[in-house]
Amino acid sequence: MNLTNTTIGLANDHTGFEYKELIKKHLEKRGLDYVDFGATSLERSDYPDYAHKLGKAIENKEIDMGIALCGTGNGMALTLNKYPSIRAGLAWNVDIARLISAHNKANILVMPARFVTQDEAIRMVDAYIDTPFEGGRHQERIDKIYG
């Protein structure tokens, strides 16, 4: 996947804060740009507040794709998928992270910070951003989502 001129949005609540900080360093090492919409500490926070910031930025075409984290990932995914132009996919291993890009053309990777290791999260980020969409029958299925 060509990531030239791509900006990745990051969103997290308190449970995803430490993971997000590692992901930021990883993206920097890869030379990728990001915007941090997430919580800035481990102090309790509410995932919808950050999910909406990321969702609006993608809706407004301010950023291209995103990575979101909360305890189970479900809260972020549910909130983000309320936006018409968002396909947020919840992944808990590398294979699923790859498939949400290849088959679902997800524009946001959502991860459950309480259920994956930091190493797994980094590998999922790479699988997600490095896997191109396959199109074909998968595009036909995406078209059916929107009627």
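Higher on the page you've got the structure.
What follows covers the pairing of strand 1 (residues 7-12). In the case of a regular strand, side chains alternate between the two sheet surfaces. For strand 1, a buried count of six out of six residues is recorded, marking the element as mostly surrounded by other parts of the structure. Side chains Thr7, Gly9 and Ala11 of strand 1 all project onto a buried face; the interleaved residues Ile8, Leu10 and Asn12 project onto the opposite face, where all are buried too. Here strand 1 runs beside strand 2 (residues 33-36); their pairing, made up of four bridges, is parallel. Pairing of Ile8 across the sheet is with Tyr34, part of strand 2. Regarding topology, helix 1 (residues 17-29) serves as the crossover connection from strand 1 to the parallel strand 2, and that connection is right-handed. Relative to strand 3 (residues 65-70), strand 1 is paired through five bridges, and the arrangement is parallel. For Ile8, the partnering residue across the bridge sits in strand 3 and is Met65.

Parameters at a glance
- Note that residues are indexed from 1 along each chain, following the sequence as it is written.
- Whole-chain, interface and lining totals are the exception, using all residues; otherwise, since this is a predicted model, local features are given only for residues with pLDDT of at least 70 and side-chain atom pairs are given and counted only at 80 or more.
- In computing side-chain values, all of the structure's heavy atoms are included and hydrogens and water are not.
- Relative accessibility decides the category of a residue: with a 1.4 Å probe and only protein chains considered, values under 20% of the type maximum give buried, values over 50% give exposed, and everything between is partly exposed.
- Each helix is a run of DSSP H or I of at least 4 residues and each strand a run of E of at least 2, with the numbering of both proceeding from the N terminus.
- Paired strands, in this sense, are two strands between which DSSP finds at least two bridges.
- We call a crossover right-handed when, viewed with both strands directed away from the observer, the connection leading from the first strand over the helix to the second proceeds clockwise.

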